[in-house]
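Now for the letters of each chain:
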Amino acid sequence: MIDTAALRTEQLASASRVVREDAMPFDQPTLIAGADVGFEQGGAITRAALVLLRYPSLSLVEYRIARIATTMPYIPGFLSFREYPALLAAWQQLRQKPDLLFVDGHGLSHPRRLGVASHFGLLVDVPTIGVAKRRLCGHAEPLEDAVGSRRPLLDKGEQIGWVWRSKARCNPLFVSTGHRVGLDSALLWVSRCMKGYRLPEPTRWADAVASRRPAFQRWLAQHPAQDEGGAG
């Protein structure tokens, strides 16, 4: 039996330690990471993919995949507790550590202000941004169709993120502070990591590696010495 009251208390305590303004020890990052989590075997296995991209070229230089036994069931509002153990396992395998981290998921844009981007960013103490594909909480004014349109995502009188149109004729992204990155900087860095797709390159590559999409297959063909835990 999962003690959700204890998890909620832990969430609120951790959320209070999240740094919501810029505390980034760089003028320009050298390496930007992307993180993506999924589940296999009907949820029994948690799979985390981490990629490192060189900035500003946004070329893939290292990737790691960790698969571990899932440690808790899916409980709405507590997904980060289910996801972060695999992320930590992949993180510990990285040969290099990033200056900035993008996580496919929410940061502050969570009912208790501790989505997986904030939870994991706090654990590894790296400037982190949440890039989610669906809204978890909050509301925003209708978004214009033009690429680059944005609206504040608000909840209980507080801005918790941005709703941002990253590509024409696509659903918007929900960009939020994870840890040690302010809201404006979070959106700025996401916009700097776009290459014409809906997702920014760090999380797009993390998804490509996790799902072995054609872009990653082509990369592997050009780097034949790399295995599933490979680095370039």
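Residues numbered from 1 in each chain as written. Predicted model: local features only at pLDDT ≥ 70, side-chain atom pairs only at ≥ 80, totals over all residues. Heavy atoms only, no water.

### Quick look at the pattern of salt bridges
As a reminder, the rule being used: Each reported salt bridge corresponds to a side-chain nitrogen of Lys or Arg within 4 Å of a carboxyl oxygen of Asp or Glu. Whether a residue is buried, partly exposed or exposed follows from its accessible area with a 1.4 Å probe, protein chains only, as a fraction of its type maximum: under 20%, in between, or over 50%, in that order.
Following the criterion strictly, the structure yields 12 salt bridges and no others. Between Arg47 and Glu40 there is a salt bridge, and its shortest N-O distance comes to 3.1 Å. By the burial criterion, Arg47 is buried, and Glu40 matches it. Each of Arg20, Arg113, Asp155 and Glu158 takes part in a single network of salt bridges with overlapping partners.

### Digging into the UniProt feature "site: Interaction with target DNA" (unreviewed entry) in the protein
Test applied: UniProt positions are given in the numbering used here, feature names are shortened, and annotations may be inferred rather than shown by experiment. By the criteria applied, helices consist of DSSP H or I runs no shorter than four residues and strands consist of E runs no shorter than two, each listed in order from the N terminus. Contact criterion: two residues are considered in contact whenever any of their non-hydrogen atoms come within 4.5 Å of each other.
When the UniProt feature table is mapped to this numbering, "site: Interaction with target DNA" (unreviewed entry) covers Tyr74. Turning to its location among the elements, Tyr74 is positioned in the loop between strand E3 (59–69) and helix H2 (79–91). Those residues in contact with Tyr74 that sit more than four places away from it in its chain are Leu79 and Arg82.

### Quick notes on the nonpolar core
Quick reminder of the rule: The nonpolar core is taken to be a set of buried Ala, Val, Leu, Ile, Met, Phe, Trp, Tyr and Cys residues, with the residues joined through side-chain atoms within 4.5 Å.
Counting residues in hydrophobic clusters, the biggest one holds 36 residues, and the most contacted among them are Phe102, Ile129, Trp205 and Phe216. Setting aside residues no more than four positions away along its own chain, Phe216 makes contact with Leu60, Tyr63, Trp205, Ala208 and Val209. With 22 residues, the next largest nonpolar core counts Leu31, Ala66, Phe120 and Val126 among its residues.

### With respect to the side chain of Glu201
Relative to the assigned elements, Glu201 resides in helix H5 (residues 201–211). On the basis of relative accessible area, Glu201 is assigned to the buried category, the value being 2%. In this structure, Glu201 is in contact with Leu53, Leu58, Cys193 and Lys195, ignoring residues within four places of it in sequence.

### Here we look at the packing of H5 against helix H6 (residues 214–222)
Relative orientation and spacing of two packed helices are given, respectively, by the angle between their axes and the distance between those axes. Applied cut-off: Simply put, an axis is a line fit to the C-alpha atoms, just over the touching stretch for a helix, and the angle between two N-to-C directions goes from 0 to 180 degrees. Roughly parallel here means an angle under 35 degrees, roughly antiparallel means over 145, roughly perpendicular means 65 to 115, and every remaining angle is called oblique. Charged means Asp, Glu, Lys or Arg here, nonpolar means Ala, Val, Leu, Ile, Met, Phe, Trp, Tyr, Cys or Pro, and polar covers whatever is left, Gly included.
Following both chains from N to C, one finds H5 and H6 inclined at 80°, their axes separated by 7 Å at the closest point. Classed by the angle they form, the pair H5 and H6 counts as roughly perpendicular. Between H5 and H6, the residues in contact are Trp205, Ala208 and Val209 and Ala215, Phe216 and Trp219, respectively. When the residues that make up the contact of H5 with H6 are grouped by side-chain class, the tally is 6 nonpolar, no polar and no charged.

### Let's talk about the packing of aromatic side chains
Stated precisely, the cut-off is as follows: For Phe, Tyr and Trp, rings pair up if their centres lie within 6.5 Å, where Trp contributes its six-membered ring, and each pair is then called stacked (planes under 30 degrees apart), edge-to-face (over 60) or tilted (otherwise). Note on geometry: a ring has a charge over it if NZ (lysine) or CZ (arginine) is within 6 Å of the ring centre and within 35 degrees of the ring normal.
Going through the model one piece at a time under the given rule, you end up with 8 aromatic pairs. Aromatic pair Phe26 and Trp189: ring centres 6.2 Å apart, planes at 70°, arrangement edge-to-face. Residue Phe26 is located in the loop between helix H1 (4–15) and strand E1 (31–40), and its partner Trp189 is located in helix H4 (residues 183–192); the two are separated by 163 residues in the primary sequence. Taking the relative accessible area as the measure of exposure, Phe26 reaches 15% and is therefore buried. The buried category is assigned to Trp189, whose relative accessible area is 4%. Relative to Trp189, the ring of Tyr55 has its centre 5.4 Å away and its plane inclined at 70°; by these criteria the two rings are edge-to-face. Within this pair, whereas Tyr55 is found in the loop between strand E2 (45–54) and E3, its partner Trp189 is found in helix H4, the two being separated by 134 residues in sequence. Comparing Tyr55 with Trp189 shows no difference in burial state: the two are buried. Taking NZ or CZ as reference, Arg192 lies 4.6 Å from the ring centre of Trp189, over its face. Positioned above the aromatic ring of Tyr197 is the side chain of Arg204, whose terminal nitrogen or guanidinium carbon lies 3.8 Å from the ring centre.

### As for the environment of Gln41
Examined against the element boundaries, Gln41 turns out to sit in the loop between E1 and E2. Considered as a pair, Gln41 and Cys193 are 152 residues apart in the sequence and their alpha carbons are 33 Å apart.

### So, unusual backbone geometry
Here the residue pair Tyr55 and Pro56 is connected by a cis peptide bond, since its omega of 15° sits within 30 degrees of zero. Backbone geometry at Arg169 places phi at a positive 60°, although glycine is not the residue there. You can see Arg169 is positioned in the loop between strand E7 (158–164) and strand E8 (173–179). Judged by its relative accessible area of 82%, Arg169 falls in the exposed class.

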